[in-house]
Amino acid sequence: MAHIVILGAGTGGMPAAYEMKALVGDKHEVTVINERPYFQFTPSNPWVAVGWRDRKSITFDIRTYLEKKKINFIAKRVDAIDANGNVLTLDDGETVNYDYLIIATGPKLSFEEVEGAGPNGGHTHSVCTVDHAEKAWADYQKLLAKGSGHVVVGAMPMASCFGPAYEFALIVDADMRKRKVRNKFKMTYITSEPYIGHLGLGGVGDSKGMLESELRNHHIGWITNARTTKVEEGKMHIEELDANGEIAKTHDVEFDFAMMLPAFKGVDAVANVEGLCNPRGFVMVDELHRNPTYKNIYSVGVCIAIPPVEATPVPTGTPKTGYMIESMVTSATHNIAAELEGREPNTTAQWNAICLADMGDSGAAFVALPQIPPRNVAWFKKGKWVHAAKIAFEKYFIRKMKKGTSEPLYEKYILKMLGIEKLN
């Protein structure tokens with residue numbers, strides 16, 4: 001009997017656990033290790049940060065649902081990986097042996113790369129975790145009580161996930177309009193992207209024009225090619241670069257509330273394994289989602305290494321969207337199952353991106369086939385239907401995770417909603 005360990009229980013790790021167990025059944029043991037005892041639906045965090053959701057509505061106890069599917073669960077942090085000996089060391093010194101390892105940790109939030117950034121001892125908020133979103137909600141309420149001020153939203157240098165920043169800016173705008181106080185607050189979007197709507201993808205369809213229009217129509221100013229160098233209490237220091245990467249202008253932006261997405265890196269235990277990761281700690285994988293050095297280690301999700309779509313004046317990373325992560329999960333789990341059956345692994349992931357972005361009372365959907373251009377399909381559309389669709393998908397995904405489904409949720413739900421039968 002082989003032991004398959006999945007490191008991480010987020011939107012990649014949980015589906016990987018269910019799909020892996022469905023493939024191997026009782027013939028092999030599946031264990032999930034996660035630092036926290038609860039699952040959180042990360043895409044809902046921008047709503048938590050304005051009080052539209054709470055922790056209870058987007059989290060649930062992992063053990064309760066995994067054990068129903070005969071999947072082991074350990075709620076501890078992995079502090080070291082012995083990739084040659086196939087051993088994990090946990091935060092209390094306990095060790096776990098594995099035959100196959102799927103790394104689905106998500107990223108390390110690298111706030112330390114900008115002095116003064118981050119919600120823990122810094123001066124900016126984040127919506128990357130439910131804990132961070134709750135802190136943002138607490139300070140957002142203080143901002144509202146103050147009655148006026150300047151809200152800054154955006155992304156730091158080396159950030160690779162821009163969608164939640166656009167979402168949060170427009171959700172805050174919508175929330176303030178509902179409260180009839182929007183006229184009391186200035187808003188600015190500050191981003192490392194070379195232009196509005198770049199999204200780390202070189203743009204998708206008319207994302208540039210459409211998102212510029214959205215920000216303009218909602219009275220949100222912007223600074224692009226922004227290299228945030230330091231954050232002090234109530235003040236953000238920005239170097240705005242030109243197309244050649246030279247400083248064109250500097251800004252000292254005063255603010256009353258700031259939510260800035262950080263750069264991502266690989267988590268320490270993973271990044272410290274020689275030969276496993278690139279210099280920023282992301283796991284290197286081949287087309288089978290298997291590490292070239294350690295053939296029994298697979299990886300899926302935000303923690304894998306993907307090169308930037310293009311060089312930009314301020315470095316930006318490439319996002320990994322939900323549909324793409326789901327495809328990675330299928331690749332990794334089916335290839336491990338093939339190896340266990342004595343077959344050659346041959347399942348590859350589809351490098352396509354589909355995304356639903358909420359805008360408070362409207363939304364935007366984009367499809368990029370493949371994610372990295374040139375593309376066979378690239379479109380970007382908006383409407384109130386996207387807002388409704390994202391709410392429905394949140395409930396659908398959480399419900400299915402509690403049921404322990406191994407079916408491809410993004411493909412089944414979002415592709416059907418978009419009227420697409422299959423992405424090739």
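From a predicted model like this one, the values you see are computed outputs, not experimental measurements. (Residues numbered from 1 in each chain as written. Predicted model: local features only at pLDDT ≥ 70, side-chain atom pairs only at ≥ 80, totals over all residues. Heavy atoms only, no water.)

Where helix α1 (residues 13-24) contacts helix α9 (residues 322-340), the two axes come as close as 9 Å, and the packing angle between them is 30°. One element, α1, and the other, α9, form an angle in the roughly parallel class. Between α1 and α9 lies a crossing whose hand is right-handed. Contact residues: Pro15, Ala16, Glu19, Met20, Leu23 and Val24 in α1; Val329, Thr330, Thr333, His334, Ile336, Ala337 and Leu340 in α9. Along the lines of polarity and charge, the residues of the contact of α1 with α9 split into 9 nonpolar, 3 polar and 1 charged. (Axes fitted to C-alpha atoms, helices over the stretch in contact; angles between N-to-C directions. Helix = DSSP H or I, 4+ residues; strand = E, 2+ residues; numbered from the N terminus. Parallel < 35°, antiparallel > 145°, perpendicular 65-115°, else oblique. Left-handed = near helix turned anticlockwise from the far one by under 90°. Contact = heavy atoms within 4.5 Å. Nonpolar A, V, L, I, M, F, W, Y, C, P; charged D, E, K, R; others polar.)

Within the secondary structure, Met401 is located in helix α10 (residues 384-403). Relative accessible area serves as the criterion here: at 1%, Met401 is assigned to the buried category. With 224 residues separating them along the chain, Met401 and Arg177 place their C-alpha atoms 34 Å apart. (Buried < 20%, exposed > 50% of the residue type's maximum accessible area, 1.4 Å probe, protein only.)

This next bit is on the pattern of salt bridges. On inspection of all chains with the given rule, the structure shows 25 salt bridges. Across the salt bridge formed by Arg53 and Glu394, the nearest N and O atoms sit 3.0 Å from each other. Placement of Arg53 in the loop between α2 (45-48) and α3 (55-58) and of Glu394 in helix α10 is noted, with a sequence separation of 341 residues between them. When sorted by exposure, Arg53 lands in the same class as Glu394, which is buried. (Salt bridge = Lys/Arg side-chain N within 4 Å of Asp/Glu carboxyl O.)

We now examine the nonpolar core. Met14, Met20, Leu66, Phe168 and Tyr189 are the most contacted members of the largest nonpolar core, which totals 102 residues. It is helix α6 (residues 163-178) that provides the largest number of residues to this core, a total of 8 residues. In this structure Leu66 touches Met14, Ala17, Tyr18, Val32, Ile71, Asn72 and Phe73, once residues within four positions along its chain are discounted. By size, the runner-up hydrophobic cluster in this structure holds 22 residues, among which are Ile33, Leu101, Cys277 and Tyr294. (Core = buried A, V, L, I, M, F, W, Y, C linked by side-chain atoms within 4.5 Å.)

The subject of this paragraph is the side chain of Gln40. Structurally, Gln40 is set in strand β3 (residues 38-40). From its side chain, Gln40 meets the backbone nitrogen of Val130 in a polar contact 2.7 Å long. Contacts of Gln40, omitting those with residues within four sequence positions, involve Asn45, Ile58, Thr59, Thr129 and Val130. (Polar contact = N/O pair within 3.5 Å; in protein donor to acceptor, adjacent residues only side chain to side chain.)

Turning our attention to the sheet that holds strand β14 (residues 226-232). Spatial strand order, β14-β15-β16: 3 strands in an open sheet with antiparallel pairing. Bordering the open sheet on either side are β14 and β16 (247-254), each of which pairs with just one other strand. Pairwise comparison of adjacent strand axes, ignoring direction, gives a mean angle of 15° for this sheet. Direction of pairing for β14 relative to strand β15 (residues 235-241): antiparallel, over a ladder of 6 bridges. What sits directly across from Arg227, in β15, is Glu239. (Pairing = 2+ DSSP bridges.)

Before going further, it helps to spend a moment on the environment of Ile190. Looking at the secondary structure, you find Ile190 in strand β12 (residues 185-190). Distance in space between the C-alpha atoms of Ile190 and Val283 is 29 Å, their sequence separation being 93 residues.

Before going further, it helps to examine the packing of helix α5 (residues 130-146) against α6. Interhelical geometry of α5 versus α6 gives an angle of 45° and a closest axis separation of 13 Å. Put simply, α5 runs oblique to α6. Viewed along their axes, α5 and α6 form a crossing whose handedness is right-handed. Side by side, α5 and α6 meet where Tyr140, Leu143 and Leu144 of the first sit next to Val172, Asp175 and Met176 of the second. Its residues assigned to classes, the contact of α5 with α6 comprises 5 nonpolar, no polar and 1 charged.

A word on the sheet that holds strand β17 (residues 257-261). Spatial strand order, β13-β12-β11-β17: 4 strands in an open sheet with parallel pairing. The outermost strands of the open sheet, each flanked by one partner alone, are β13 (220-223) and β17. Between one strand axis and the next, the sheet turns by 15° as a mean value, whatever way the strands run. When strand β11 (residues 149-155) meets β12, the two strands line up parallel, connected through 6 bridges. Directly across from Val151, in β12, lies its bridge partner Met187. Along the sheet, α5 makes contact with β11, β12 and β17, crossing β17 at roughly 150°. Along the sheet, α6 makes contact with β11, β12, β13 and β17, crossing β12 at roughly 170°.

Right, let's get into the side chain of Arg182. Residue placement: Arg182 occurs in the loop between α6 and β12. The exposure class of Arg182 is buried, given its relative accessible area of 10%. Of the polar contacts made by the side chain of Arg182, one reaches the backbone oxygen of Phe185; its length is 2.6 Å. With residues up to four places along the chain from it excluded, the contact list for Arg182 reads Asp173, Met176, Arg177, Met187, His218, His219 and Ile220.

Further remarks concern the pairing of strand β20 (residues 353-358). Successive residues of a regular strand alternate their side chains across the two faces of the sheet. In terms of burial, β20 is largely enclosed, as 5 of its 6 residues are buried. In the sheet, β20 pairs with strand β21 (residues 363-369) via 6 bridges, with the strands oriented antiparallel. Bridging across to β21, Ala353 finds its partner in Ala368. Adjacent in sequence and paired antiparallel, β20 and β21 are bridged by 4 residues, among which Gly360 carries a positive phi angle near 90°.

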